[in-house]
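Residues per chain are reported as follows:
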Amino acid sequence: MQTLEAVDTHTGGEPTRVVFRGGPDLGSGSMSERLQILRDGNDWLRTTLILEPRGSDWIVGALLQEPVDPASVVGIIFFNNVGYLGMCGHGFIGVVEALAYRGRIAAGEHRFETPVGVVSARLHEDRSVSITNVESFRFRKDVEVQVPDDGIVIGDVAYGGNWFFLTAVTSLDPADIETLTARSKRISMSLRDQGVCGSNAAEIDHIELFAPPSDPSKADSRSFVLCPGGEYDRSPCGTGTSAKLACLAADGRLQPGDVWRQESIVGSVFEGRYTDSPNGITPEITGRAFVTGETTFVLDEADPFRHGIPRIGSQDV
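Residues numbered from 1 in each chain as written. Predicted model: local features only at pLDDT ≥ 70, side-chain atom pairs only at ≥ 80, totals over all residues. Heavy atoms only, no water.

Caption draft 1: Region of the structure containing the environment of H307. Position of H307 relative to the elements: it lies in the segment after β16 (280-299). Spatially, the C-alpha atom of H307 lies 33 Å from that of P70, the residues being 237 residues apart in sequence. Ignoring anything within four residues of it in the chain, the contact list for H307 reads W44, T47, T48 and L299. (Helix = DSSP H or I, 4+ residues; strand = E, 2+ residues; numbered from the N terminus. Contact = heavy atoms within 4.5 Å.)

Caption draft 2: A look at the packing of aromatic side chains. For the structure shown, the criterion picks out 7 aromatic pairs. When the ring of F139 is compared with that of W163, the centres are 5.7 Å apart and the planes differ by 75°; the resulting orientation is edge-to-face. Of this pair, F139 sits in strand β9 (residues 137-147) while W163 sits in strand β11 (residues 163-168), and the two are 24 residues apart along the sequence. For F139, a relative accessible area of 36% gives the class partly exposed. Each ring, one from Y159 and one from W163, has its centre 5.2 Å from the other, and the planes form 55°; the classification is tilted. Owing to a relative accessible area of 15%, Y159 belongs among the buried residues under this scheme. Grouping aromatic residues by their ring pairs yields a cluster made of F137, F139, Y159 and W163. In this structure, R102 packs its charged tip against the face of F20, placed 4.6 Å from the ring centre. Over the aromatic face of F210 sits the side chain of K244, whose NZ or CZ is 4.4 Å from the ring centroid. (Phe/Tyr/Trp six-rings, centres within 6.5 Å; stacked < 30°, edge-to-face > 60°. Buried < 20%, exposed > 50% of the residue type's maximum accessible area, 1.4 Å probe, protein only. Lys NZ or Arg CZ within 6 Å of the ring centre and 35° of its normal.)

Caption draft 3: Structural context of the pattern of salt bridges. All chains considered together, the criterion is met by 21 salt bridges. Between D251 and K141 there is a salt bridge whose closest N-O contact spans 3.3 Å. Remark: K141 occurs in strand β9 and D251 occurs in the loop between α5 (238-250) and β14 (260-263); sequence separation between them is 110 residues. Since its relative accessible area comes to 32%, D251 is described here as partly exposed. Between D150 and R186 there is a salt bridge, with its nearest N and O atoms 3.0 Å apart. Here D150, found in the loop between β9 and β10 (151-159), pairs with R186, found in helix α4 (residues 177-193); they are 36 residues apart in sequence, far enough to count as distant. (Salt bridge = Lys/Arg side-chain N within 4 Å of Asp/Glu carboxyl O.)

Structure (structure tokens):
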């Protein structure tokens with residue numbers, strides 16, 4: 001029987017399943033090349049770990065790889081219930097915690113390879129993690145989108161490792177998760193229908209709603225982030241916070257080095273700051289992850305659902 005070895009973590013409430021052993025051989029190319037090999041011929045790994053009966057729509061997976069550059073700790077390929085992610089902030093923090101838990105790294109600065117480039121992380125003595133994300137930037141400001149039941153919605157298009165449409169709302173209440181999810185899905189569909197996209201026609205696959213924080217003494221803003229698979233991010237979203245920092249910097253509302261505290265819909269907080277870069281900003285996001293379990297998954301050849309139960313109406317069918 002085939003087995004897969006993983007460590008589960010959560011970062012601000014959002015889970016990450018970190019795969020240490022048992023994945024397919026993806027060669028020795030860059031992480032973007034290996035992602036393509038994983039997607040095209042080995043998608044069973046993603047469906048096995050993320051879909052039912054082993055997974056759920058809100059889990060993000062992280063497959064560890066031998067790095068191209070020996071100066072890097074590992075390479076990482078992120079995936080979720082519907083596909084693959086170039087970068088994942090909460091997932092990256094979860095990977096660092098999993099590696100520290102396994103004794104692979106100690107406090108200090110470390111380099112990692114992802115499909116969108118080399119990123120670094122600093123593991124602090126208290127086990128919090130500061131990640132230096134890829135260059136982030138605002139692509140378009142005050143984009144108007146006609147949304148069913150909502151009228152004209154105005155927001156910014158920004159990149160923080162993934163593409164986001166960021167728009168302000170008056171309030172965000174955890175009791176309104178279903179309403180917020182439905183509204184974000186309407187915005188997402190309207191963006192596609194009206195041809196609103198990122199640079200090079202990139203799909204905007206994350207929707208981010210912003211409102212005042214639940215407690216201004218603990219955070220500067222609260223967010224609700226709808227991810228590509230239709231689930232909301234329990235964490236404040238590392239790439240989403242990066243996109244927000246890029247918009248704040250472009251508007252002159254946040255200066256290099258100043259701290260922005262981003263609260264999630266469940267109340268967890270990331271700290272963000274940035275330095276200037278040639279085409280935008282280089283964000284630094286600080287958060288904390290916790291190990292929740294270690295699992296050896298068994299793939300029994302006799303099990304018809306060993307590679308997951310297909311999501312009805314999705315690309316997995």
